Amino acid sequence: MTSQVQPKPRKHHDVVVALGANQRSNLGKPEETINLACGALSERVGFSIRKSHLYQTPAFPAGAGPDFVNAAAVFKTHLSPDAILQICHEIEEMAGRTREIRWGQRTLDIDLIAFDDVVLPDHFTHEKWRMLPLEDQVRLSPDQLIVPHPRLQDRSFVLVPMADVAPDWVHPILGQTTRQMLDARPAAEKDTVCPLDAA
């Protein structure tokens, strides 16, 4: 009797993405775009998605355009970070996203915020982008995937929705949970992130 070697089960990775829109897209109004984008993401990664409330937040930087609708979503996947990023870009394109102006108005933005406790591409590069002065953030963008998102800890419009769905996720470099990073943000900044629904 021959024994059969059982294939090793593929590891499930925990992923967090942030979504934002402040222009009507091919999919509808910003709220509709984000909800439909989450559905498309769920279909492509093969797992159900848990979505945060929808929030209205001022455009960043101030005066850059109409208010945004923001959300966060968490899901499990067998896919790699690069594959997830590609899927996010494809869904952005489906919504009519163009990349002409950094931090400009957009029909849909999907950012890969966290992938388990992975740091990409390495700690040195991550620190460089995490510590980048604001004036350089406006004009420079990395040519490779940086995970966790280097601006995560600085943005209430990401942390507030993320706290709905991943409050206990721990930043692998800063050693703080989502909730702790959010608690450290200025109260006036957090107050600008206003819930739109009861997701």
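Shown above is the structure to which this text applies.
Described in the following lines is the structure provided in the data block. Note that the structure is predicted; figures quoted are calculated from it, not measured. (Residues numbered from 1 in each chain as written. Predicted model: local features only at pLDDT ≥ 70, side-chain atom pairs only at ≥ 80, totals over all residues. Heavy atoms only, no water.)

As a further point, take the pairing of strand S5 (residues 109-115). A large share of S5 lies buried, amounting to six of its seven residues. Pairing geometry for strand S1 (residues 13-21) and S5, over six bridges, is antiparallel. In the strand pairing of S5, Val15 is matched with Phe115. (Buried < 20%, exposed > 50% of the residue type's maximum accessible area, 1.4 Å probe, protein only. Helix = DSSP H or I, 4+ residues; strand = E, 2+ residues; numbered from the N terminus. Pairing = 2+ DSSP bridges.)

Its 16 residues place the ends of helix H1 (residues 30-45) 22 Å apart at the C-alpha level, agreeing with the 22 Å of an ideal helix rising 1.5 Å per residue. If you check which residues of H1 are buried, you get Pro30, Thr33, Ile34, Ala37, Cys38, Ala40, Leu41 and Val45. In the core, the buried residues of H1 are packed alongside S1, strand S2 (50-51), strand S4 (68-77), helix H2 (81-94) and S5. Within two residues after H1, Gly46 carries a phi angle of roughly 80°, on the positive side. (Expected span 1.5 Å × (residues − 1). Contact = heavy atoms within 4.5 Å.)

Axis separation between H1 and H2 bottoms out at 10 Å; the angle between their running directions is 140°. Classified by the angle between their axes, H1 and H2 sit oblique to one another. For the element pair H1 and H2, the recorded crossing hand is right-handed. Note on element contacts: H2 touches H1 through Ile84, Ile87, Cys88, Glu90, Ile91 and Met94, opposite Ala37, Ala40, Leu41, Arg44 and Val45. Of the residues assigned to the contact of H1 with H2, the class counts are nine nonpolar, no polar and two charged. (Axes fitted to C-alpha atoms, helices over the stretch in contact; angles between N-to-C directions. Parallel < 35°, antiparallel > 145°, perpendicular 65-115°, else oblique. Left-handed = near helix turned anticlockwise from the far one by under 90°. Nonpolar A, V, L, I, M, F, W, Y, C, P; charged D, E, K, R; others polar.)

Below, the discussion takes up the nonpolar core. Ranked by internal contacts, the top residues of the largest apolar core, which has 25 residues, are Val17, Leu19, Leu41, Ile91 and Ile110. When residues of this core are assigned to their parent elements, the largest contribution, six residues, is made by H1. (Core = buried A, V, L, I, M, F, W, Y, C linked by side-chain atoms within 4.5 Å.)

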